[in-house]
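Spelled out from the first residue to the last, the chains are:
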Amino acid sequence: GAVVSQHPSRVICKSGTSVKIECRSLDFQATTMFWYRQFPKQSLMLMATSNEGSKATYEQGVEKDKFLINHASLTLSTLTVTSAHPEDSSFYICSAGPGSYNEQFFGPGTRLTVL
Amino acid sequence: GEDVEQSLFLSVREGDSSVINCTYTDSSSTYLYWYKQEPGAGLQLLTYIFSNMDMKQDQRLTVLLNKKDKHLSLRIADTQTGDSAIYFCAEIYNSNYQLIWGAGTKLIIKP
């Protein structure tokens, strides 16, 4: 399958700062990228879907002004958590697709801790 | 709304077969998937099955699809300690390739 990278893998920041997470599709042109949030011992929560060159579509309850998503190219999407607070601490995972069987290829995730 | 359900835990002895079950509601899904997540990592696609198939086998993995009952299962033969992970069932949701996810089944291997 395709290789998707995320950077950074782990970030600790102070409350009130902004954090940018990059998601790169290394060997695959991703027309669609997805951002998920995963709480401990829980399933994935889809935050938003972004198509290259278009504005992201956010799921209900996800603040678009807080979680800024940019999908400027077929290989790069970024998620910026603005004015992060401790409740934003979580594991953020991106994925790219669709593959040949409409599957998504996942990045390794970014652990965000807001102090 | 559409839903995918799976049990949260499964415990098996090393060397036995593991069977992880999943039920789904959207009968129009073209593809269904099994993903594996190891601790602190992203998700890895294990296998998929197309909706017109009943079974798919890939080495130690066997996927069974019962469209009438909307039931999907993943059988792992000769379960090893390296199979310890959370296994997610997912189905295609819409034309934007979104997936509906189960809650994940944590597979625990007993020695």
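Note that the coordinates shown come from a computational prediction; the quantities given were computed from them, not determined experimentally.

With respect to the interface of chain B and chain A
Step number 1: If you look at the interface, chain B gives 20 residues, while chain A gives 21 residues.
Step number 2: Both faces considered, chain B and chain A share a buried interface measuring about 1,700 Å² in area, 55% of it formed by carbon and sulfur atoms.
Step number 3: On the surface where chain B and chain A come into contact, there are zero salt bridges.
Step number 4: For the interface between chain B and chain A, the tally reads 12 residue pairs in polar contact (both at pLDDT 80 or more).
Step number 5: Elements represented by at least two residues in the side of chain B that touches chain A include exactly β4 (31–37), β5 (43–50), β9 (85–92) and β10 (99–101) of chain B.
Step number 6: For the side of chain B that touches chain A, the element with the highest residue contribution is β4(B), accounting for four residues.
Step number 7: Of the residues that constitute the side of chain B that touches chain A, the class distribution is 13 nonpolar, seven polar and no charged.

A few points about the state of the cysteines
Step number 1: One pass over the structure, following the stated rule, counts two disulfides over all chains.
Step number 2: Sulfur-sulfur distance for the disulfide between A:C23 and A:C94 comes to 2.0 Å. Its torsion about the S-S bond being 80°, the disulfide of A:C23 and A:C94 is classed as right-handed. Of this pair, A:C23 sits in strand β3 (residues 19–25) while A:C94 sits in strand β9 (residues 90–97), and the two are 71 residues apart along the sequence.
Step number 3: What makes A:C23 buried here is its relative accessible area of 0%.
Step number 4: A sulfur-sulfur distance of 1.9 Å marks the disulfide that ties B:C22 to B:C89. When the S-S torsion is -65°, as for the bridge of B:C22 with B:C89, the disulfide is left-handed.

Observations concerning the sheet that holds strand β8 (residues 76–81) of chain A
All names here are of chain A.
Step number 1: Spatial strand order, β1-β3-β8-β7: four strands in an open sheet with antiparallel pairing. Edge positions in the sheet fall to β1 (4–7) and β7 (67–73), since each has one partner strand and no second. Across the sheet, the mean angle separating the axes of adjacent strands is 15° when strand polarity is ignored.

Observations concerning the packing of aromatic side chains
The geometry of two aromatic rings is summed up by the distance between their centres and the angle between their planes.
All names here are of chain B.
Step number 1: Per the counting criterion, the structure on display carries 14 aromatic pairs over all chains.
Step number 2: Relative to F50, the ring of Y31 lies with its centre 4.9 Å away and its plane at 50°, an arrangement referred to as tilted. On the criterion of sequence distance, the pair formed by Y31 in strand β4 and F50 in strand β5 is long-range, its members being 19 residues apart.
Step number 3: Judged by its relative accessible area of 13%, Y31 is buried.

Overview of the confidence of the model for chain B
Step number 1: The pLDDT averaged across chain B works out to 92; a share of 99% of its residues lies at or above 70.
Step number 2: Put simply, β10(B) is where chain B has its lowest mean pLDDT, 91, and strand β8 (residues 71–76) of chain B is where it has its highest, 97.

A short note on the sheet that holds β8(B)
Residues and elements named next belong to chain B.
Step number 1: With antiparallel pairing, five strands are arranged side by side in an open sheet as β1-β3-β8-β7-β6. Looking at strand neighbours, the two that pair on one side only are β1 (4–5) and β6 (55–58), the edges of this open sheet.
Step number 2: Both strand β7 (residues 61–66) and β8 contribute to a ladder of six bridges, which runs antiparallel. Within β8, the position partnered with L64 by the bridge is S73.

Calculation notes
- Residues numbered from 1 in each chain as written.
- Chains lettered and ligands numbered in written order.
- Predicted model: local features only at pLDDT ≥ 70, side-chain atom pairs only at ≥ 80, totals over all residues.
- Heavy atoms only, no water.
- Contact = heavy atoms within 4.5 Å.
- Buried area = accessible area lost by both parts, 1.4 Å probe.
- Salt bridge = Lys/Arg side-chain N within 4 Å of Asp/Glu carboxyl O.
- Polar contact = N/O pair within 3.5 Å; in protein donor to acceptor, adjacent residues only side chain to side chain.
- Helix = DSSP H or I, 4+ residues; strand = E, 2+ residues; numbered from the N terminus.
- Nonpolar A, V, L, I, M, F, W, Y, C, P; charged D, E, K, R; others polar.
- Disulfide = S-S within 2.5 Å.
- Buried < 20%, exposed > 50% of the residue type's maximum accessible area, 1.4 Å probe, protein only.
- Pairing = 2+ DSSP bridges.
- Axes fitted to C-alpha atoms, helices over the stretch in contact; angles between N-to-C directions.
- Phe/Tyr/Trp six-rings, centres within 6.5 Å; stacked < 30°, edge-to-face > 60°.
- pLDDT = per-residue confidence, 0-100.

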